[in-house]
Each structure stands twice: as structure tokens, then as C-alpha cells.
Amino acid sequence: MGHIELRDLDDDDLDAVFEMMRDPVAVELAAFTADDPDDRAAFDRWITRIRENDDVTYRIVTEDGAFAGAVGSFTVDGDREVTYWIARHAWGRGVATQALRLLVSREPVRPLFARVAVHNAASRAVLTRCGFTEVSR
């Protein structure tokens, strides 16, 4: 794993985020996905809502300065949740764990919650390494 940082989302990131979130292997592992991951217009509407919502934190993950994914936090039904989506080229090397640790260290609200697909063992392991514990299934 290289040097991991979080930075603001730029317009230049949109193609990379869209491609990452339509990767069929990643979509199969994700707890929440777009109805049609290949629908760029729907993605553009979604990312516009994300960018306009003051309650949402959405950061790009970089590894040695290059795009490696995205992390975020938001509120659902009064609970502050975290989310992350890491590009497949960065899987299995600790990028998700380090990115989530950085996000959690900057997120002032506690407690924090996360949701993960039960069949995604790697994502469950990331959450455990970052101090999250399972409270329901």
C-alpha cells in the first residue's frame, strides 16, 4: 500500500467514480448500488445531490496521488453512517482500512454506523479493523 490521502471530489474525478461504481465484481459485493450501474445520467443526478447536500461528506481516496476510491459519511434516520467504495485495483492492500480510518478520524459525530452486505467478508473485516462491531444482521 502506498501513501493514502483523502481529498475533495473534483469534476475530473467523475469518470473514475462512475467506472468504479459500475464494476460488476464490486457491484455484486456492495450492499447498496444503483438500479442500473451503467446509467450515466442517473449517476450524474446522484452525484449532484451528494455534492449539494451539506449533511454529506464525500471524499476521494488517493494512493500515492492516484485515484483509489471514495469514502463518505451521511445521516440516515438520525444515525451517522460511513460508506466506502474502493476501486478494484486497490483491493486487498489495506487501502480501504486506511481510508476509513482517515474518514473516521475527521468525522466528529459519534456513534458511527456502517452497513455491509453479509457476503462481503473483506468489507466486514475492514469495518472490524476500524473498530466497528456488528449490532444487527
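One numbering rule holds for all chains: residues counted from 1, following each sequence as written. Predicted model: local features are reported for residues with pLDDT of at least 70 only, side-chain atom pairs are reported and counted for 80 or more only, and whole-chain, interface and lining totals are derived from all residues. With hydrogens and water set aside, each side-chain value is computed from the structure's full complement of heavy atoms.

A. Local environment of the sheet that holds strand E2 (residues 57-63). Pairing is mixed across the open sheet formed by five strands, whose spatial order is E1-E2-E3-E4-E5. In this open sheet, the two strands that pair with only one neighbour each are strand E1 (4-8) and strand E5 (112-113). Strand pairing is assigned whenever DSSP identifies at least 2 bridges connecting the two strands. Helix and strand definitions here come from DSSP, where helices need a minimum of 4 consecutive H or I residues and strands a minimum of 2 consecutive E residues; each element is numbered from the N-terminal end. Judged from the eight bridges that link them, strand E3 (residues 66-76) and strand E4 (residues 79-86) form a sheet pairing that is antiparallel. Paired with alanine 70 across the two strands is tryptophan 85, which belongs to E4. Contact definition: two residues touch when any of their heavy atoms are within 4.5 Å. Axis angles are defined between N-to-C directions and span 0 to 180 degrees, where every axis is a line fitted to C-alpha atoms and, for a helix, only to the segment in contact. Sheet strands in contact with helix H1 (residues 14-21) are E2, E3 and E4, and its direction is about 80° off that of E3. Each of E1, E2, E3, E4 and E5 is contacted by helix H4 (residues 95-106), which is oriented at about 55° to E1, the strand it contacts most.

B. Structural detail: the packing of aromatic side chains. Each pair of aromatic rings taken from Phe, Tyr and Trp, with Trp reduced to its six-membered ring, is defined by centres within 6.5 Å and is described as stacked if the planes are under 30 degrees apart, edge-to-face if over 60, and tilted in the remaining cases. Considering all chains together, one arrives at three aromatic pairs under this definition. With 5.9 Å between their ring centres and 40° between their planes, phenylalanine 43 and tryptophan 46 make a pair best called tilted. Note that phenylalanine 43 and tryptophan 46 are positioned in helix H3 (residues 40-52) at a spacing of three residues, about one turn of the helix. Buried means the residue's accessible area, taken with a 1.4 Å probe over protein chains only, is under 20% of the maximum for its type, while exposed means over 50%, and partly exposed covers the values in between. Residue class for tryptophan 46 comes out partly exposed when judged on its relative accessible area of 26%. Relative to tyrosine 58, the ring of tryptophan 46 has its centre 6.0 Å away and its plane inclined at 85°; by these criteria the two rings are edge-to-face. Separated by twelve residues along the polypeptide, tryptophan 46 in helix H3 and tyrosine 58 in strand E2 bring together distant segments of the chain. By relative accessible area, which is 12% here, tyrosine 58 ends up buried. As a reminder, the over-ring test applies to NZ of lysine and CZ of arginine, requiring each to be within 6 Å of the ring centre and within 35 degrees of the ring normal. Of note, arginine 40 hangs over the ring of phenylalanine 18, and the distance from its end group to the ring centre comes to 5.0 Å.

C. Spatial organisation of H3. A helix's residues, less one, multiplied by 1.5 Å, set its expected span. Between its terminal C-alpha atoms H3 stretches 18 Å, which fits the 18 Å expected from 13 residues at 1.5 Å a residue. Here H3 has its buried residues at Phe43, Ile47 and Ile50. Seen along its axis, H3 keeps its buried residues to an arc of 55°; they face one direction. Across H3 from its buried face, at more than 90 degrees, point the exposed residues Arg49 and Glu52. In this structure, the buried residues of H3 make contact with H1 and E2. Arc definition: it is the arc formed by the directions from the helix axis to the C-beta atoms.

Shape descriptors only; they carry no functional weight alone.
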